[in-house]
Amino acid sequence: MPRACTRAEWQPGHRHQRRCPVSFSEAISLQVVCDNQDEVDYYWKKLGENGEEGPCGCLKDRFGVSWQVTPKGLDELFTDNDNERARRAMEAMFEMKTLDLAALQAADAEVR
């Protein structure tokens, strides 16, 4: 039977004084899927503090970890059976840093 761990037994992963030689790359990113635009804006601001903004909802935090901050419903815009609608939404996203779901939906619905 496993014994319970006490709080004192948990240790941070890097407790040494030397700088860790491991660095992060864009080969892997973490994704935050947000329920609404307020959450997108909140996580974009918090994760991006002292970091680096990128295109299309991507950013690097202050540690160099890559993140994608996306609203729910984004996948549906890009997998629309109407390829022209999906293309318009994708092109709108290419112009953004922080994703704006309302603007993406408007581009998707745009009639030409």
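Predicted, not measured: the structure shown is a model, and the values here were computed from it.

Caption draft 1: Summary view of the sheet that holds strand β3 (residues 58-60). Taken together, the four strands give an open sheet; going across it, the order is β1-β4-β3-β2, and neighbouring strands pair in mixed fashion. At either margin of the open sheet sits one strand with a lone partner, and together these are β1 (29-34) and β2 (52-53). Relative to strand β4 (residues 66-71), β3 runs antiparallel, the two being bridged by three bridges. Its bridge partner lying in β4, K60 is registered against S66. Lying on the sheet, helix α1 (residues 37-48) is in contact with β1, β2, β3 and β4; it crosses β4 at an angle near 165°.

Caption draft 2: Structural detail: the nonpolar core. Judged by nonpolar contacts, C56, L74, L77, A89, A92, M93, M96, L99, L101, L104 and A107 together constitute the single largest core of eleven residues. Only α2 (74-78), α3 (83-94) and α4 (101-109) provide two or more residues apiece to this core. Contacts of M96, omitting those with residues within four sequence positions, involve P55, C56, A103 and L104. Counting nine residues, the second-largest nonpolar core is a separate cluster that includes V32, C34, L47 and L59.

Caption draft 3: Here's a closer look at unusual backbone geometry. Residue N50 is not a glycine yet carries a positive backbone phi of 60°. Inspection of the secondary structure puts N50 in the loop between α1 and β2. Overall, N50 belongs to the exposed group, its relative accessible area being 70%. At C56, a residue that is not glycine, the phi angle is positive and equals roughly 60°. Structurally, C56 can be placed in the loop between β2 and β3.

Caption draft 4: Local environment of the pattern of salt bridges. Scanning all chains against the criterion turns up six salt bridges. Residue R85 pairs with D108 through a salt bridge whose shortest N-O separation is 2.7 Å. One end of the pair, R85, is in helix α3; the other, D108, is in helix α4, and 23 residues separate them in sequence. We classify R85 as partly exposed; its relative accessible area is 29%. E91 serves as the salt-bridge partner of R87, at 2.6 Å between the closest nitrogen and oxygen. Residue R87 and its partner E91 are both found in helix α3; the two are separated by four residues, about one turn of the helix. Judged by its relative accessible area of 39%, E91 falls in the partly exposed class. Each of E84, R87, R88 and E91 takes part in salt bridges that share partners, so that together they form one network.

Thresholds applied
- Residues numbered from 1 in each chain as written.
- Predicted model: local features only at pLDDT ≥ 70, side-chain atom pairs only at ≥ 80, totals over all residues.
- Heavy atoms only, no water.
- Pairing = 2+ DSSP bridges.
- Helix = DSSP H or I, 4+ residues; strand = E, 2+ residues; numbered from the N terminus.
- Contact = heavy atoms within 4.5 Å.
- Axes fitted to C-alpha atoms, helices over the stretch in contact; angles between N-to-C directions.
- Core = buried A, V, L, I, M, F, W, Y, C linked by side-chain atoms within 4.5 Å.
- Buried < 20%, exposed > 50% of the residue type's maximum accessible area, 1.4 Å probe, protein only.
- Salt bridge = Lys/Arg side-chain N within 4 Å of Asp/Glu carboxyl O.

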